[in-house]
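Coordinate inspection notes
Below, each chain spelled out in residue letters.
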Amino acid sequence: MTMDAEFLEDEQLEAESIKKEHRRLTELFLADVKATFGSPHGRRIFTFLLEQGGVNAVLYSKETDIYRNVAVHDFVVENVLAPVVTADEEIYLSIIRERAEKLRKEEDKK
């Protein structure tokens with residue numbers, strides 16, 4: 001076996017090891033997300049974070065806030081919401097349903 005072949009084999013083994021570790025960490029994260037949403041306080045905290053990130057807010061309020069609002073929204077959607085939806089899309093859908101129900105009740109009171 002030549003030196004180049006050994007080097008390529010070592011690199012391939014290392015790449016496979018990295019892939020396997022990444023898959024393990026992803027599965028662990030997804031399990032953590034599901035466990036968090038199994039508790040009422042976990043759901044409340046996550047819902048709070050989404051609201052703070054402006055996921056359901058109007059992005060274009062004051063002209064000076066547009067860039068900030070869009071940047072925060074995009075960050076939260078890509079880095080917080082997307083992994084949760086990947087874990088279990090029903091989690092986010094249930095939050096949306098609860099929010100809609102709350103809005104309906106508030107509207108009925110008026």
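Keep in mind that this is a model prediction, so the values were computed, not measured.

Bringing a nonpolar patch on the surface into the picture now. Taken together, I45, F48 and L49 make up a surface patch of nonpolar side chains, about 300 Å² in accessible area. Structurally, F48 is set in helix α2 (residues 40–52). Residue F48 is classed as partly exposed on the basis of its relative accessible area, which comes to 45%.

The next thing to look at is the packing of aromatic side chains. Taken as a whole and judged by the stated rule, the model has one aromatic pair. For the ring pair F37 and F46, a centre distance of 4.9 Å and an interplane angle of 75° mean the geometry is edge-to-face. On the basis of relative accessibility, which here comes to 8%, the residue F46 falls in the buried class.

Quick notes on the rules
Each residue is numbered by its place in its chain's sequence as written, counting from 1. Whole-chain, interface and lining totals are the exception, using all residues; otherwise, since this is a predicted model, local features are given only for residues with pLDDT of at least 70 and side-chain atom pairs are given and counted only at 80 or more. Think of the side-chain values as coming from all heavy atoms in the structure, minus any hydrogens and water. Within this analysis, patches are made of residues with over 30% relative accessible area and no salt bridge. Like charges are joined at 9 Å or less; nonpolar side chains (Val, Leu, Ile, Met, Phe, Trp, Tyr) at 5 Å or less. Using a 1.4 Å probe, accessible areas were evaluated by the Shrake-Rupley method; residue-level cover was limited to the displayed protein chains. Any Lys or Arg side-chain nitrogen found within 4 Å of a carboxyl oxygen on Asp or Glu counts as a salt bridge. Comment: elements are numbered from the N terminus, with helices defined as DSSP H or I runs of at least four residues and strands as E runs of at least two. Accessible area is worked out with a 1.4 Å probe on protein chains only. A residue is then buried under 20% of its type maximum, exposed over 50%, and partly exposed in between. Ring pairs shown here join Phe, Tyr and Trp side chains whose ring centres sit within 6.5 Å, with only the six-membered ring taken for Trp; geometry is labelled stacked below 30 degrees between planes, edge-to-face above 60, and tilted in between.

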